[in-house]
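Results of the structural survey
One letter stands for each residue in the lines below.
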Amino acid sequence: MPHVFTLASGAYRGLEALETAVAAVLPEATLELVRVRASQINGCAVCLDMHAERLHRAGESPERIWAVAGWRDAPWYDPAERAALRLTEAMTRLADTSDGIPDEVWAEAAAHYDENALAHLVMAIASVNAWNRINAATRQVAGSFRGAAVPATPRFPETATNIV
C-alpha cells in the first residue's frame, strides 16, 4: 500500500501533530534514541534508517548510533537516556509480560523526567510504535523517505513492493 499516508491523511496529520508536541518538550537525541530502539525491537527498517540518519545529521557519534541495542553495556548514554530506553523497551514489549510496565522501570523514568516530560516520553514511545506498525504493515521501503537508492531487485522482493 504505497499511499497509506495520502489515503489516511487526517490520521497522518494527527501523528505528525503528536511528533511536533513531543519534540517541543524532549531532547532531540533522547527522542531519536527511543525511536531507534523501538524500531529495532519492531524490525521497522524504514524507521531505523530515518532515525539513525537523523542522529547522524545531528552530530551524534557513530558509537551512540550503533550501540543502541546494547545500551545497558555501552558507556555512551547518560542516566536519563538509559531510563528512556528502558521504558521504551518495556512499552514496546508489552505483550512479553503479564504485569505491564514494572514499577522499577516507571520509577527510574520518573526520577529523570518531570511529569510533563514523562507524559511526552510515553506519547513519543507510543507514537514510534504506531509508525513502526504502519510502515511494516504497508511494506514501506527503507531509505525512500530521503531518496536513497533502492536496489532494482530488492533482496527480499516480497517485502519491498512499494516506495512512498
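Quick caveat, the model's predicted, so the values are computed rather than measured.

Let's talk about the packing of aromatic side chains
For the coordinates displayed, the defined rule picks out 3 aromatic pairs. Judged by centre distance (5.2 Å) and plane angle (55°), the rings of Phe5 and Tyr12 are tilted. Phe5 sits in the buried class, given a relative accessible area of 18%. Arranged with centres 5.6 Å apart and planes meeting at 50°, the rings of Phe5 and Trp131 form a pair that is tilted. One end of the pair, Phe5, is in helix α1 (residues 4-7); the other, Trp131, is in helix α8 (residues 115-137), and 126 residues separate them in sequence. Taken together, the aromatic side chains of Phe5, Tyr12 and Trp131 make up a single cluster linked through ring pairs.

What to know about the packing of helix α3 (residues 28-42) against helix α4 (residues 45-57)
Interhelical geometry of α3 versus α4 gives an angle of 155° and a closest axis separation of 9 Å. Overall, the two elements α3 and α4 adopt an arrangement that is roughly antiparallel. The two elements α3 and α4 meet at a crossing, and its hand is left-handed. Contacts between α3 and α4 involve Ala29, Glu32, Leu33, Arg35, Val36, Ser39 and Gln40 from the first element and Cys47, Leu48, His51, Ala52, Arg54 and Leu55 from the second. Counted by class, the contact of α3 with α4 contains 7 nonpolar, 3 polar and 3 charged residues.

Rules of the game
Residues numbered from 1 in each chain as written. Predicted model: local features only at pLDDT ≥ 70, side-chain atom pairs only at ≥ 80, totals over all residues. Heavy atoms only, no water. Phe/Tyr/Trp six-rings, centres within 6.5 Å; stacked < 30°, edge-to-face > 60°. Buried < 20%, exposed > 50% of the residue type's maximum accessible area, 1.4 Å probe, protein only. Helix = DSSP H or I, 4+ residues; strand = E, 2+ residues; numbered from the N terminus. Axes fitted to C-alpha atoms, helices over the stretch in contact; angles between N-to-C directions. Parallel < 35°, antiparallel > 145°, perpendicular 65-115°, else oblique. Left-handed = near helix turned anticlockwise from the far one by under 90°. Contact = heavy atoms within 4.5 Å. Nonpolar A, V, L, I, M, F, W, Y, C, P; charged D, E, K, R; others polar.

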